[in-house]
Amino acid sequence: MASEGLRGALTAVLGGRGLLVQNYDSGPAGEPPAPVRLRRNVCYVVLAVFLNEQDEVLLVQEAKKECRGSWYLPAGRMEPGETIVEALQREVKEEAGLQCEPLTLLSVEERGPSWIRFAFLTRPTGMAQQVAAWAEGSRHRSPGLYSGGILKTSKEADAESLQAGWYPRTSLPTPLRAQDILHLVDLAAQYRQRARHPLLLPQELPCSLVCQRLVATFTNVQTVWVLVGTVGTPHLPVTACGFTPMEQRGGIKMAVLRLLQECLSLHHLAVETQGLLGLQHLGKDLTDGICMNVLVTVAFRNPGLQNEPPKVRGENFFWWKVVEEDLQNQLLQRLRDSSVVPINR
């Protein structure tokens, strides 16, 4: 019966559907972590990458005093009470004048659990036509007319942005507010050419903490084991991120290592977070937490003749051998092709 529940949980996580967070298996030392609150102890940022059929990128010209006149992708901080998708759509409407829909999460970037940015490949909704260049000196831009809004021009400049425009991906305007968007634009172009991971959007599930659900794997040829928590019903383990200076400096991977240190001897092991399998957030009723379902690999630094996973200390965890062929093949394919959303620091 336990195996059935684990198969269902693993199927849901691999399918990007997520699972409700009931509890956590590892938390920061000291007092239990306090619930997270936007504007108080966490900041989430949303960012949109638009690529049209002409291989042009949608950029907005900044209005803020410190970067006025520079160009950037539509982006901004989430507000309390918003879902991630609602925040993305609001920011795009405010800065570019368009309504939009996200196609897939492209990347997660973090500076510790208190600052996390979600970058999406996005498209405008209700595209009606492409119109000709609309102002002298703007021949490099091809604004679009949409039933879901009209691209913001300099006449609509406000505190959110000065204007928006489409620019060739290989010839972006200058100055850019920051160079970090270049990697995201390239990532979007690569995804459109060859999708490395399935389409993935946030699941609206409540969570009070910043946490990670681990699909921690050990592989040997065609065999896969997954680490399972035993407190309560057997489950995929969850680790809560802490906000201590050490965990902030080390990033969200510190919470992963903390959980694994509690059950494994890590000095002879190599642990890598491969990337994201799913993202959970609700944002309603003061539930500002997120759960990231992450794919983690555990391997011996010197494999030798080690055919079995490393020994588990204590009784709170065990290695579950995945015997169902479909699940095993899904895990091996995800590992082989790095078929996950990248998490960058």
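Residues numbered from 1 in each chain as written. Predicted model: local features only at pLDDT ≥ 70, side-chain atom pairs only at ≥ 80, totals over all residues. Heavy atoms only, no water.

Per an unreviewed UniProt entry, the protein is named Nudix hydrolase 18, and its organism is Bos taurus.

1. Considering the overall build of the protein
The condition is simple: A run of DSSP states H or I qualifies as a helix once it reaches four residues; a run of E qualifies as a strand once it reaches two. Both are numbered from the N-terminal end. The atom set for the radius of gyration is the C-alpha atoms, and the globule formula is 2.2 Å times the number of residues raised to the power 0.38. Only protein chains enter the accessibility calculation, which uses a 1.4 Å probe; a residue whose area is less than 20% of its type maximum is buried, one above 50% is exposed, and one in between is partly exposed. Residue contacts follow a heavy-atom distance rule, with two residues in contact if any of their heavy atoms lie within 4.5 Å. Method for areas: the Shrake-Rupley scheme with a 1.4 Å probe, in which residue coverage is limited to the protein chains shown. When charges are counted, Lys and Arg contribute as positive and Asp and Glu as negative, whereas His and the chain ends are disregarded. A single reference atom marks each charge: NZ on Lys, CZ on Arg, CG on Asp, CD on Glu.
Along the protein, the regular secondary structure elements total six helices and 17 strands. Since a compact globule built from 345 residues should have a radius of gyration of about 20 Å, the 22 Å found for the protein is in line with a globular shape. Here the C-alpha coordinates of the protein stretch approximately 70 × 40 × 35 Å along the principal axes. Taking all 345 residues of the protein together, 52% fall into the buried category. Here the contacts in the protein between residues at least 6 apart in sequence split such that 71% fall between residues at least 24 apart. When the accessible surface of the protein is summed, it comes to about 16200 Å², and 50% of that surface belongs to carbon and sulfur atoms. Side chains of the protein carry 35 positive and 35 negative charges; the gap between the two charge centres is 3 Å.

2. Quick look at the confidence of the model for the protein
Detailed reading of the predicted coordinates is not advisable wherever pLDDT is low. Quick note on the threshold: pLDDT is defined as a per-residue confidence score from the predictor, taking values between 0 and 100.
Summing up the model confidence of the protein, the mean pLDDT is 92 and the portion of residues at 70 or higher is 92%. Here residues 128–143 is modelled with pLDDT under 50, and outside its nearest four sequence neighbours on either side it reaches 31 contacts, counting other chains as well.

3. Here we look at helix 3 (residues 180–193)
Short version of the rule: By this rule, a helix spans an expected 1.5 Å times one less than how many residues it contains.
Across its 14 residues, helix 3 extends 21 Å between first and last C-alpha, which sits within 8% of the 20 Å expected from 1.5 Å per residue. All of the buried residues along helix 3 are Ile181, Leu184, Val185, Leu187, Ala188, Ala189 and Tyr191. If you follow the buried residues of helix 3, they end up packed against strand 1 (43–50), strand 2 (56–61), strand 3 (71–72), strand 5 (100–110) and strand 6 (115–124).

4. Topic: the pairing of strand 11 (residues 210–220)
Threshold: Two strands form a pair only when DSSP identifies at least two bridges running between them.
Counting buried positions along strand 11 yields nine of 11 residues, so the element is predominantly enclosed. Strand direction decides the pairing type here: strand 11 and strand 15 (residues 290–300), joined by eight bridges, are parallel. Counterpart to Val215 in the pairing with strand 15 is Leu295. With three bridges connecting them, strand 11 and strand 13 (residues 238–240) associate as antiparallel partners. Residue Gln212 lies in a different strand from strand 13, and its bridge partner there is Thr239. Two successive antiparallel strands, strand 11 and strand 12 (residues 223–229), enclose a turn made up of two residues, where Val221 displays a positive phi of approximately 55°.

5. With respect to the packing of aromatic side chains
Rules: By convention, a stacked pair of Phe, Tyr or Trp rings (six-membered ring in the case of Trp) has centres within 6.5 Å and planes under 30 degrees apart, an edge-to-face pair has planes over 60 apart, and any other such pair is tilted. Over a ring means this: the NZ of a Lys or the CZ of an Arg is within 6 Å of the ring centre and within 35 degrees of the ring normal.
Enumeration over the complete set of coordinates arrives at six aromatic pairs. Arranged with centres 5.2 Å apart and planes meeting at 65°, the rings of Trp71 and Tyr167 form a pair that is edge-to-face. Of this pair, Trp71 sits in strand 3 while Tyr167 sits in strand 10 (residues 163–168); the two residues are 96 residues apart in sequence, bridging distant segments of the chain. For the pair formed by Trp71 and Tyr167, the shared burial category is buried. Ring geometry for Phe218 and Trp225: centres 5.8 Å apart, planes at 55°, overall tilted. By the burial criterion, Phe218 is buried, and Trp225 matches it. In this arrangement the basic side chain of Arg111 is found over the ring face of Trp115, its NZ or CZ atom lying 3.8 Å from the centre. Over the ring of Tyr72 we find Arg177; its NZ or CZ atom is 3.8 Å from the centre of that ring.

6. Section: the side chain of Arg213
What counts is decided by this rule: The term salt bridge refers to a pairing of a side-chain nitrogen on Lys or Arg with a carboxyl oxygen on Asp or Glu at a separation within 4 Å.
Here Arg213 lies in strand 11. No salt bridge is formed by the buried Arg213, whose closest oppositely charged neighbour, Asp25, lies at an N-O distance of 8.0 Å. Arg213 has contacts with Val13, Leu19, Leu20, Val21, Leu236, Pro237, Val238, Gln280, Cys291, Met292, Asn293 and Val294, leaving out every residue within four places of it along the chain.

7. Focus: the pairing of strand 5
On any regular strand, side chains alternate: one points to one face of the sheet, the next to the other face. Counting buried positions along strand 5 gives nine out of 11 residues, so the element sits mostly inside the fold. In this antiparallel pair of consecutive strands, strand 5 and strand 6, the connection spans four residues, and Gly112 shows a positive phi of 90°. Here strand 5 pairs with strand 17 (residues 343–344) via two bridges, running parallel. Across the sheet, Glu109 pairs through a bridge with Asn344, a residue of strand 17.

8. Overview of the nonpolar core
Filter applied, for reference: In this description, a nonpolar core means a group of buried Ala, Val, Leu, Ile, Met, Phe, Trp, Tyr and Cys residues linked to one another through side-chain atoms lying within 4.5 Å.
In this structure, Tyr44, Phe118, Leu260 and Met292 are the most contacted members of the largest nonpolar core, which totals 55 residues. If one sorts the elements of this core by residue count, strand 15 sits on top with six residues. Apart from residues lying up to four places away in sequence, Leu260 is in contact with Leu214, Leu227, Leu266, Val271, Val296 and Val298. Grouped together as the second largest cluster of nonpolar side chains are 22 residues, Leu47, Val57, Leu106 and Tyr167 included.

9. Concerning the side chain of His281
Structurally, the position occupied by His281 is in strand 14 (residues 269–281). Residue contacts for His281: discarding those within four places in its chain leaves Tyr44, Met78, Glu82, Thr83, Ile84, Gln203, Glu204, Leu205, Thr287, Asp288, Gly289 and Ile290.

10. A look at the pattern of salt bridges
Applying the stated criterion across every chain, the model contains 17 salt bridges. Among the salt bridges present, the one from Lys64 reaches Glu62, with a minimum N-O distance of 3.6 Å. For Lys64, a relative accessible area of 34% gives the class partly exposed. Given the relative accessible area of 2%, Glu62 is considered buried.

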